[in-house]
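# Chains, contacts and geometry: an overview
This is what each chain is made of:
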Amino acid sequence: MGGCIRRMVAVDEGFRMSPEYLEKLIESDLQSGLTPFALIATLGSTNVGAIDPIDSLAEIAGKYDIWLHLDAAYGGYFILLDRFRYLLNGVSKVDSAVLDPHKSLFLPYGTGMVLVREGHKLVRSFHHSATYLQDIDDDLVDVSPADVSLELTRHFRGLRMWLPLQLHGIEPFKNALEEKILLTRYFYEEVQKIGFEVGPFPELSICIYRYIPGTDADANAFNERLLKTILKVGRFFISSTTIDSTYWLHLAVLTYHTHLDTIREYLDHLRKMVAKLNGENDLVN
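All of these numbers come straight from a predicted model, not from anything done at the bench.

Turning our attention to the overall build of the protein. When helices and strands are counted, the protein shows eight helices and 11 strands. Relative to its 285 residues, the protein shows a buried fraction of 41%. When contacts within the protein are restricted to residue pairs at least 6 apart in sequence, those whose partners lie at least 24 apart make up 64%.

So, in structure tokens, the structure goes:
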């Protein structure tokens, strides 16, 4: 029996899967009598927005006859931007991919999308016959949605995506995505000027950052207090993550309401909250 392979390996630019290390793991599994059957690549990880080397992973998946799935739920729609066309390298080789329009297309929640290169495999997996379905005329549709997923009856979720695109076209969505990337990169540069350490350069619209207090202070505890202080004030909602036992504040710029004035106000808010926690009351006002 095989298993699903997903190993994260740190590199200079961030956290991506290493093709070389992955192939060693596959060979090790095969020598142990295991048969790897699925490989999951990521186009925009949740923690840092990292992008796996999809083209190289596709070559490995093809070599070992492994199903290659692409998690593009967060980052998939950034490929609409010309500057990110390179992200398409290898995408045509994946067996399946998931994208969430309710994330990077700013649409209502629940508009997830699964794409499969060979659709007939979905039919083989999910098609079900029953006596209570005998009156359904298969000639009415090319592929019944009931035959390609777990759901026999479903909402018309596609309308939530079709209607905004019909009303506004694709350009406003592309412009919004471009803005979010630029805002994140602006934040990445500016937050360092007020004493924060940052993680990898944001490839998309996620930035991790943390404040390093005095040498005797616990940086993890300080940033956790900082997060709670910011949330208690209630002006901004941010989150955190922990990577290799290091506590980071986590900025994800992915709402159409967020613009440059919001980022600037948050940077000023951060400065004041750090000063407050450090007891520098004269800097808070």
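From this point, things continue past the structure.
Another point: the environment of Arg210. With respect to the helices and strands, Arg210 occurs in strand E9 (residues 206-211). Residue Arg210 is classed as buried on the basis of its relative accessible area, which comes to 15%. The sequence separation of Arg210 and Phe196 amounts to 14 residues, and the corresponding C-alpha distance is 5.4 Å. Residues in contact with Arg210, not counting those within four places in the same chain, are Phe196, Glu197, Ala219, Asn220, Asn223, Thr246, Tyr247 and Trp248. A polar contact is formed between the side chain of Arg210 and the side chain of Glu197, at a distance of 2.7 Å.

Glancing now at helix H1 (residues 19-31). Between its first and last C-alpha atoms H1 spans 18 Å; for 13 residues at 1.5 Å apiece the expected length is 18 Å, and the two agree. Turning to H1, its buried residues number three or more, namely Pro19, Leu22, Leu25, Ile26 and Asp29. Angular distribution of buried residues about the axis of H1 spans 120°; they occupy a single face of the element. The exposed residues of H1 that point more than 90 degrees off its buried face are Glu20, Lys24 and Gln31.

This brings us to a nonpolar patch on the surface. A surface patch of nonpolar side chains, amounting to about 570 Å² of accessible area, comprises Phe156, Leu159, Trp162, Leu163 and Leu167. Position of Leu159 among the secondary structure elements: in helix H5 (residues 158-168). Its relative accessible area of 37% is what places Leu159 among the partly exposed residues.

The next subject is the packing of H1 against helix H2 (residues 54-63). Between H1 and H2, the least distance of the axes is 10 Å, while the angle of their chain directions is 15°. With respect to their mutual orientation, H1 and H2 come out roughly parallel. Remark: the crossing between H1 and H2 carries right-handed chirality. Along the contact surface, H1 presents Pro19, Leu22, Glu23 and Ile26, while H2 presents Ser56, Leu57, Ile60 and Lys63. A per-class count over the contact of H1 with H2 returns five nonpolar, one polar and two charged.

Rules and cut-offs
Sequence order as written defines residue numbering, which begins from 1 separately in each chain. In keeping with the predicted nature of the model, local features appear solely for residues at pLDDT of at least 70, side-chain atom pairs appear and are counted solely at 80 or more, and the whole-chain, interface and lining totals rest on all residues. Think of the side-chain values as coming from all heavy atoms in the structure, minus any hydrogens and water. Secondary structure elements follow DSSP: runs of H or I of four or more residues count as helices, runs of E of two or more count as strands, with numbering from the N terminus. Under the scheme applied here, a residue whose accessible area is under 20% of the maximum for its type counts as buried, over 50% as exposed, and between as partly exposed, the area being computed with a 1.4 Å probe on protein chains only. Here, two residues are considered to be in contact whenever any of their heavy atoms come within 4.5 Å of each other. As used in this structure description, the phrase polar contact means that two N or O atoms lie within 3.5 Å; if the pair is within protein, one of them must be able to donate a hydrogen and the other to accept it, and residues adjacent in sequence are counted only when both atoms belong to side chains. The span expected for a helix works out to 1.5 Å for each residue beyond the first. Relevant arc is that of directions from the helix axis to the C-beta atoms, nothing else. Within the patch definition used here, like charges are joined within 9 Å and nonpolar side chains (Val, Leu, Ile, Met, Phe, Trp, Tyr) within 5 Å, considering only residues with over 30% relative accessible area and no salt bridge. Residue-level accessible areas treat just the shown protein chains as cover; the underlying method is Shrake-Rupley with a 1.4 Å probe. Salt-bridge detection follows one rule: a side-chain nitrogen of Lys or Arg within 4 Å of a carboxyl oxygen of Asp or Glu. Angles shown run from 0 to 180 degrees and are taken between the N-to-C directions of axes, each axis being a line fitted to C-alpha atoms and, for helices, limited to the stretch in contact. Throughout, the term roughly parallel applies to angles under 35 degrees, roughly antiparallel to angles over 145, roughly perpendicular to angles from 65 to 115, and oblique to all others. Helix crossings fall into two classes, left-handed where the near helix is turned counterclockwise from the far one by less than a right angle and right-handed where it is turned clockwise. Any residue that is not Ala, Val, Leu, Ile, Met, Phe, Trp, Tyr, Cys, Pro, Asp, Glu, Lys or Arg is counted as polar, Gly included; the first ten are nonpolar and the last four charged.

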